[in-house]
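What follows is the residue order along each chain.
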Amino acid sequence: MKETVQKNTAFDLARPANNQLAQGFFQWCVVTPDLESKCAELERVYGLAGFWIMEDAPLLETTYRGKTIDLRVDMALGYIGDTNIEVISPRPEGDANLYTEFLEEQPGGGLHHLGFQVHDFDATAADLTAKFGPAAQAGNFSTGGSHFAYFDSRPVTGAYTEILWFDTETIASMADLRAGKPPVV
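My aim in this report is to walk through the structure given alongside it, one point at a time.

Calculation rules
- Residues numbered from 1 in each chain as written.
- Predicted model: local features only at pLDDT ≥ 70, side-chain atom pairs only at ≥ 80, totals over all residues.
- Heavy atoms only, no water.
- Helix = DSSP H or I, 4+ residues; strand = E, 2+ residues; numbered from the N terminus.
- Buried < 20%, exposed > 50% of the residue type's maximum accessible area, 1.4 Å probe, protein only.
- Contact = heavy atoms within 4.5 Å.
- Areas by Shrake-Rupley, 256 points an atom, 1.4 Å probe, with all protein chains shown as cover.
- Pairing = 2+ DSSP bridges.
- Axes fitted to C-alpha atoms, helices over the stretch in contact; angles between N-to-C directions.
- Core = buried A, V, L, I, M, F, W, Y, C linked by side-chain atoms within 4.5 Å.
- Phe/Tyr/Trp six-rings, centres within 6.5 Å; stacked < 30°, edge-to-face > 60°.

Let's talk about the overall build of the protein
Point 1. Per the secondary structure count, the protein includes 6 helices and 10 strands.
Point 2. Across the 185 residues in the protein, those meeting the buried criterion constitute 43%.
Point 3. A separation of at least 24 residues holds for 64% of the contacts in the protein among residues at least 6 apart in sequence.
Point 4. Summed over all atoms, the accessible surface of the protein reaches about 10500 Å², with 53% contributed by carbon and sulfur.

A word on the sheet that holds strand β5 (residues 73-80)
Sheet strands associate in pairs through backbone hydrogen bonding, adopting either a parallel or an antiparallel arrangement.
Point 1. In space, the 10 strands of this open sheet follow the order β2-β5-β6-β1-β7-β10-β9-β8-β3-β4, with mixed pairing throughout. The strands lining the two open edges of the sheet, one partner per strand, are β2 (52-54) and β4 (67-69). Going from strand to strand, the sheet's axes swing by 20° on average, the running direction of each strand aside.
Point 2. The sheet contacts of helix α2 (residues 35-46) involve β1 (25-31), β2, β5 and β6 (83-90), and relative to β6 the element is tilted by about 155°.
Point 3. Sitting on the sheet, helix α6 (residues 168-178) touches β1, β2, β5, β6 and β7 (110-117), and the angle it makes with β5 is about 60°.

Brief notes about the pairing of β7
Each regular strand carries side chains that alternate between the two faces of the sheet.
Point 1. Of the strand pairs in this sheet, β1 and β7 are connected by 6 bridges, and their pairing is antiparallel. Its bridge partner being in β7, Q27 is matched across the sheet by G115.
Point 2. Direction of pairing for β7 relative to strand β10 (residues 160-165): parallel, over a ladder of 5 bridges. Looking at the pairing, F116 lines up with I163 of β10.

Topic: the nonpolar core
Point 1. By size, the foremost hydrophobic cluster in this structure holds 27 residues, and its most contacted members are V31, V73, M75, L77, I88, Y99 and Y150.
Point 2. For this core, the secondary-structure elements that each account for two or more residues are β1, β2, β5, α3 (98-105), β9 (147-151), β10 and α6.
Point 3. Every residue in contact with Y99, bar those within four places of it in the chain, is listed here: V31, L71, V73, I88, P90, H112, Q137 and Y150.
Point 4. Listed in part, the 10 residues of the second largest apolar core include L35, C39, L42 and F51.

Re the packing of aromatic side chains
Point 1. For the structure on display, the rule yields 7 aromatic pairs.
Point 2. Geometrically, the ring pair formed by F26 and F166 is edge-to-face, given 5.3 Å between the ring centres and 75° between the ring planes. On the criterion of sequence distance, the pair formed by F26 in strand β1 and F166 in the loop between β10 and α6 is long-range, its members being 140 residues apart.
Point 3. Using a relative accessible area of 8% as the deciding quantity, one classes F26 as buried.
Point 4. Assessed through its relative accessible area of 7%, F166 is described here as buried.
Point 5. Considering the side-chain rings of F148 and Y150, the 5.8 Å spacing of their centres and the 70° angle between planes classify their relative orientation as edge-to-face.
Point 6. By relative accessible area, F148 is classed as buried at 3%.
Point 7. Under the relative-accessibility criterion, Y150 is labelled buried at 1%.
Point 8. Feature note: the residues F26, Y99, F141, F148, Y150 and F166 constitute an aromatic cluster, connected by ring pairs.

Structure representation (structure tokens):
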């Protein structure tokens, strides 16, 4: 049998990847119909120190499949080491969105997306648009310019790919949260 395993040298493993997403795997996210129960379950299973819970999280200027929407969600953020764990539960008073669509397909919820913090949002979005089509959902989550976009990479990974660009205030808030000090809003 022909050997198919490629052997890598230390140099090969140290060489940075040239894919924009390789710059910053940041989070995995679960979408659920019951935020508090899911957070408690994740804390029990993964030993998280706790979640910062935001009711009616501030998501601004959001589009869903190219149309402007009123996105209403409850959201929780926590950390396992350096990996951010996000839990999202759509609120009934909001418009249809990627999360309500997901729960229609999987009523019990589950893994929704992998999130990547990127340095060049526009270049990464262009690359992902070429691979997966236009962003399925996008918007801002601070008045300082932090923004996000989801691409439908489910045929490749089984989950969406989210890219995020953070302003300095959001970076500081996430660092505080990772250090065990939830932001004060």
